[in-house]
Amino acid sequence: MTLNRRKFLGTGVAVGASMSAPMVMGAAHGKPKVVVIGGGAGGATAARYIAKDSKGEIDVTLVEPTRRYYTCFFSNLYLGGFKQFNDIGHSYGKLASEYGINVVHDWAIGIDRDTNMVTLAGGSKLPYDKLILSPGIDFVDGAVEGWDISAQNKMPHAYKAGSQTELLKAQLEAMPEGGTFAMVAPPNPYRCPPGPYERISMIAHFLKQNNPTAKIIVADPKPKFSKMALFQEGWGNHYDGMIDWIGPDFGGDSVSVNPDAMTVTIDGEENKVDVCNVIPAMKAGKIAEIAGVTDGNWAPVNAADMSSKADPDIHVLGDAAAQGDMPKSGYAANSQAKVCAMAVRGALTGSKVFPAKFSNTCWSLITTNDGIKVGANYEATPEKIASTGGFISKTGESAELRKATYEESEGWYTGITSDMFG
Amino acid sequence: MRRVLAIATFCIASAGAVQAANIGDAKAGEKHFKLCKSCHQVGPGATNRVGPQLNGLFGRKAGSVEGFKYSKGMIRAADGGLEWHAEQLHAYLENPKNLVSGTRMNFRGMKDVDERADLIAYLRTFSDNPRDIPEADPTARGTDHDVDPAILAIQGDPEYGQYLSSECVTCHQIDGDDDGIPSITFWPEEDFVVALHAYKSKKRAHPVMQMIAGRLSDDEIASLAAYFKDPEQ
């Protein structure tokens, strides 16, 4: 009863294609097979580009547990009230129906690199010629004293978008008047470098409107963070006195939490809080570790094609990869996915392979119509993906420019999600 | 045909730049200003109308006339450092949207370089201190962003362009929808090449586009133009 447990999406072509998967399992003949694990900015993009550009010459299977994908990028804007939850949700329907991708909603739990086979939680097995891992992040056990994943309902991380994001929003809305919101910020490297600080901005925005006497504490192990001057300028201008950012000089790196008592202890001083967002240290999504392609917390890759340094048939994209200078961002994963898709097609069908190019831009919102951005270009060197220069918004920019930057970020969101999901 | 004409124009223009420039004829320019009059005033008592008043235009920061409500595109260009000198005016008058995407100036453009020079010479007479403006400023020949005709003549490879385009479509939607970010599909190749070179040389203001275009080679820009003129091909 494999089919009952493997849940397929879509109709017509998609179902037809996915029905055939068990039959060709283990077969050495037929079309080359690519399995993609993880349907986010890296995986969905890679699956779509391979399917689109190979024009049916490659069988593409995308394994993703959730039926509706909520993007981490822009999830802070939902917390701030600028987006509805539904605005950041996307279905895999088009990838199945328009691109003929077998979309399998299941967890990948095993990878056999000797036989090139993926095992799913539902029991079925997927053979591959090339495997693309884009599993995003998991959290390092014991990274924040007193917190583990079982505490995520009391102290949400909300760093994988979806029910965690909704939970954090509900907790914010339920905060007592004049209450305290705390964030435990993560150490480097982590997903979305400006993310925690955009989140603080969005939460401050929400509280200023709904609970203006509330306070925000941020315990941060890092002395500096992404777009720091821009965020601090914005916090001073819009949320003066509301945000207490505690860096390592003041004990921000010495934190423990008690989810039952709802306390956060910073440098020995206990704070009673009403909502606590714990964003622990991160590592590559677990399946990368199971595949045996990680070294430490992340999976090292070759910059030219995002192939794993441990296995030429496996590529690792996005947050999970140790690639060099690119930040762990949705934009970066999408950029890497296209380089990887081209390399995989080239290897499997002999299509032309052009030199790798990467780029990244991260937009953040501070308050209504106050958008900022940072970006850079990258190239593949034998050692790593290396930055070749970039730009960052400036402090003191005009309101018009900030508004244009925010509108541009909305355009980017529409653009990248169309690029991921068709 | 269009390409041939364009190359001819550029040859004349760059020749002009080398030889101390044709100075435009302000008198002839006054006639051309009729085209502008429905929106712009210049001279004593000029006020903002559909477009801003044009006194003191030379050396002025773009988007800086008090009391005039500029488009977002113009504000962005101004923030990026656009100032009005002859070269920028040539480019803007030839095709406003090519220099400032999102400008509200609905003018189809003045293609004839001599007519533009005349018009610019006329506008120069309304600058506050014409004698302080270097002679080269109002009279130097803008050559529409100075794109070398040899660059415009490069035939791009649409297949390479398609690969390169994957970097563009992270933000610009391939179906041509625009939603905070302008559409770049179905552009005439030459306009595309000129626009990207304007970003590459930082004449057009926008940090992301300057970054992206900055590392594109002439061949890569030609290939992107060849692809985007009809991505469905």
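Residues numbered from 1 in each chain as written. Chains lettered and ligands numbered in written order. Predicted model: local features only at pLDDT ≥ 70, side-chain atom pairs only at ≥ 80, totals over all residues. Heavy atoms only, no water.

By the naming in an unreviewed UniProt entry, chain B is Cytochrome c domain-containing protein, taken from Actibacterium pelagium.

For chain A, the name recorded in an unreviewed UniProt entry is Cytochrome c, with Actibacterium pelagium as its organism.

Visitor: So what's going on with the overall build of chain B? Residues and values would help.
Guide: Along chain B, the regular secondary structure elements total 12 helices and zero strands. Scanning chain B from its N terminus toward the C terminus, one meets helices and strands in the order α-α-α-α-α-α-α-α-α-α-α-α. Relative to its full complement of 233 residues, chain B shows a buried share of 53%. Counting contacts in chain B only where the partners sit at least 6 residues apart, residues at least 24 apart contribute 62% of the total. A total of about 11000 Å² of accessible surface is found on chain B, and carbon and sulfur atoms cover 53% of it. (Helix = DSSP H or I, 4+ residues; strand = E, 2+ residues; numbered from the N terminus. Buried < 20%, exposed > 50% of the residue type's maximum accessible area, 1.4 Å probe, protein only. Contact = heavy atoms within 4.5 Å. Areas by Shrake-Rupley, 256 points an atom, 1.4 Å probe, with all protein chains shown as cover.)

Visitor: Explain helix α10 (residues 330-349) of chain A to me, using residue names and the numbers behind them.
Guide: Because each turn of an α-helix spans 3.6 residues, side chains separated by three or four positions end up pointing in the same direction. All names here are of chain A. Helix length check: α10, at 20 residues, gives a terminal C-alpha distance of 28 Å against a target of 28 Å (1.5 Å per residue), a fit within 8%. Counted residue by residue, α10 has 17 buried out of 20 residues, so it is predominantly covered. Count one or two residues on from α10 and you reach G350, which has phi positive near 75 degrees. (Expected span 1.5 Å × (residues − 1).)

Visitor: Explain the interface of chain B and chain A to me, using residue names and the numbers behind them.
Guide: How big an interface is tends to be reported as the loss of accessible area on association of its parts. Taken residue by residue, the interface counts 28 residues in chain B and 40 residues in chain A. Of the roughly 2700 Å² buried where chain B meets chain A, counting both sides, 55% is carbon and sulfur surface. Here chain B is connected to chain A by five salt bridges. With a closest N to O distance of 3.3 Å, A:K357 and B:E220 form a salt bridge. In this structure, the connection of chain B to chain A is made through 16 residue pairs in polar contact (both at pLDDT 80 or more). Secondary-structure elements contributing two or more residues to the side of chain B that touches chain A are α3 (72-79), α9 (158-168) and α11 (207-214) of chain B. The element contributing the most residues to the side of chain B that touches chain A is α9(B), with seven residues. (Buried area = accessible area lost by both parts, 1.4 Å probe. Salt bridge = Lys/Arg side-chain N within 4 Å of Asp/Glu carboxyl O. Polar contact = N/O pair within 3.5 Å; in protein donor to acceptor, adjacent residues only side chain to side chain.)

Visitor: Break down the pairing of strand β12 (residues 180-184) of chain A for me, citing the residues and quoting the values.
Guide: Residues and elements named next belong to chain A. Burial within β12 is extensive, with five of its five residues counted as buried. Residues T180, A182 and V184 point to one face of β12 and F181 and M183 to the other, with burial holding for every one of them. On the question of chirality, the crossover connecting β12 to the parallel strand β13 (residues 215-219) by way of helix α7 (residues 195-210) is right-handed. (Right-handed = clockwise from strand over helix to strand, strands pointing away.)

Visitor: Describe the layout of surface pockets, with residues and values.
Guide: Approximately 840 Å³ is the volume attributed to the second largest pocket. As for the second largest pocket, its lining consists of 32 residues, and the residues nearest its centre are A:Y49, A:K52, A:D53, B:Q162 and B:Y227. Of all elements in the fold, only α3 (43-54), α10 and α11 (399-421) of chain A together with α9 of chain B reach the threshold of two or more residues within the lining of the second largest pocket. Among the elements that take part in the lining of the second largest pocket, α9(B) stands out by supplying five residues, more than any other. Residue classes in the lining of the second largest pocket are distributed as 10 nonpolar, nine polar and 13 charged. (1 Å grid on protein atoms, 1.4 Å probe; cavity = no way out; pocket = protein on both sides within 12 Å on 5 of 7 lines; lining within 4 Å. Points joined across faces, edges and corners; volume = space filled by probe spheres on them. Nonpolar A, V, L, I, M, F, W, Y, C, P; charged D, E, K, R; others polar.)

Visitor: Tell me about the packing of aromatic side chains, and please be specific about residues and values.
Guide: With the rule as written, the count across this model stands at 27 aromatic pairs over all chains. Geometrically, the ring pair formed by A:Y331 and A:W412 is stacked, given 6.3 Å between the ring centres and 10 degrees between the ring planes. Of this pair, A:Y331 sits in helix α10 while A:W412 sits in helix α11, and the two are 81 residues apart along the sequence. You'll find A:Y331 and A:W412 in the same group, each marked buried. A centroid spacing of 5.5 Å and a plane angle of 15 degrees characterise the contact between B:F192 and B:F228, whose relative ring orientation is stacked. Placement of B:F192 in helix α10 (residues 189-200) and of B:F228 in helix α12 (residues 218-228) is noted, with a sequence separation of 36 residues between them. (Phe/Tyr/Trp six-rings, centres within 6.5 Å; stacked < 30°, edge-to-face > 60°.)

Visitor: Break down empty space enclosed by the protein for me, with residues and values.
Guide: Applying the stated criterion to the full structure yields four cavities of 30 Å³ or more. What the largest cavity holds in volume is close to 90 Å³. Of all the secondary structure elements, the ones that give two or more residues to the lining of the largest cavity are α10 of chain A together with α9 of chain B. Here the lining of the largest cavity is built from residues that sort into four nonpolar, four polar and three charged. There is about 40 Å³ of room inside the second largest cavity. Where the lining of the second largest cavity is concerned, the elements lending two or more residues are β23 (358-367), β24 (370-380) and α11 of chain A.

Visitor: Provide a residue-level description of a negative patch on the surface, including the pertinent values.
Guide: Residues and elements named next belong to chain B. A cluster of acidic residues, D175, D177, D178, D179 and E232, forms a negative patch at the surface. In this structure, E232 sits in the segment after α12. On the basis of relative accessibility, which here comes to 67%, the residue E232 falls in the exposed class. (Patch = residues over 30% accessible without salt bridge, like charges linked within 9 Å, V, L, I, M, F, W, Y side chains within 5 Å. Lys, Arg positive; Asp, Glu negative; His and termini not counted. Charge placed at Lys NZ, Arg CZ, Asp CG, Glu CD.)

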